[in-house]
Each structure stands twice: as structure tokens, then as C-alpha cells.
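Observations on chain architecture
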Amino acid sequence: GGGLLLQTVLSSFMGTAAWGVVFWLLVEGAGLSLAVAGLLFLLIVWGAEQVELPLLRIAPPSWKWGATEVLIDLWHHLVYAAATVRAWVLIDVAV
């Protein structure tokens, strides 16, 4: 129902906001270039998934997936990391 939708939206928003803080720390805190921060961010976000999902029993470890599934999952995380870098640039230009 509506409660589950609200929970999903809030969970997604909070997770994205938390990852935004991680990216901010890489760029502003550690002083990394956007290219290096973006690559490291990709590795952190994808790596976290590799640990989280099996621990929460949401998905098996990725070594039990097929190559196609791993590549699709990596692609999604690459797009997420690239969009994060692009958003950072756009926000920086706007501010």
C-alpha cells in the first residue's frame, strides 16, 4: 500500500543522500580530482553492494551470478557514479 511506497521512497532518498556525503568527502575532504573520486566512488558503492546484499540475504554473492548479470550490475553502478560526478559539476557551476 501507500505505507510501503513511502518507505521505499524515503529509503531511496536517504541512501542516495548518504552516498552523496561519501562523494563529498572524497572530493572536498580528501581533495581528490573528480576523475579519481568518481572511480573510487564506483568501487566503494559497488563494493558495498557486494558485501551488503549477501549479508542481508537479498542476493547471492556475485561470484554465483552469471557474467551477464555481473556486467549489468556493474554497468548500473558505473552510470550511478558517472551521474554523481556530473551532478557535482552542475551543482558546482550553479553555486
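Counting from 1, residues in each chain are numbered in the order their sequence is written. A pLDDT threshold of at least 70 governs which residues receive local features in this predicted model, and a stricter bar of 80 or more applies before side-chain atom pairs are shown or counted, although totals over entire chains, interfaces and linings include all residues. Hydrogens are left out, water is left out, and the side-chain values use all remaining heavy atoms of the structure.

Quick look at the packing of aromatic side chains
- Pairs were defined over the aromatic rings of Phe, Tyr and Trp, the Trp ring being its six-membered one, requiring ring centres within 6.5 Å. Orientation was assigned from the angle between planes: stacked under 30 degrees, edge-to-face over 60, tilted for the rest. Within the structure shown, the criterion is met by four aromatic pairs.
- With a centroid separation of 5.4 Å and 75° between ring planes, the pair formed by Phe 23 and Phe 41 is classed as edge-to-face. Residue Phe 23 is located in helix H1 (residues 2-29), and its partner Phe 41 is located in helix H2 (residues 34-55); the two are separated by 18 residues in the primary sequence. For the pair Phe 23 and Phe 41, one class covers both residues: buried.
- On the basis of an interplanar angle of 25° and a centroid distance of 5.9 Å, the ring pair of Phe 41 and Tyr 80 is categorised as stacked. With a gap of 39 residues between them, Phe 41 in helix H2 and Tyr 80 in helix H3 (residues 67-94) connect regions that are remote in the sequence.
- By relative accessible area, which is 0% here, Phe 41 ends up buried.
- Aromatic rings pair up to connect Trp 19, Phe 23, Phe 41, Tyr 80 and Trp 88 into one cluster. Put simply, DSSP marks the helices as runs of H or I at least four residues long and the strands as runs of E at least two long, and each gets a number from the N terminus on. Accessibility here uses a 1.4 Å probe with only protein chains present; expressed as a share of the type maximum, an area under 20% marks a residue as buried, one over 50% as exposed, and anything in between as partly exposed.

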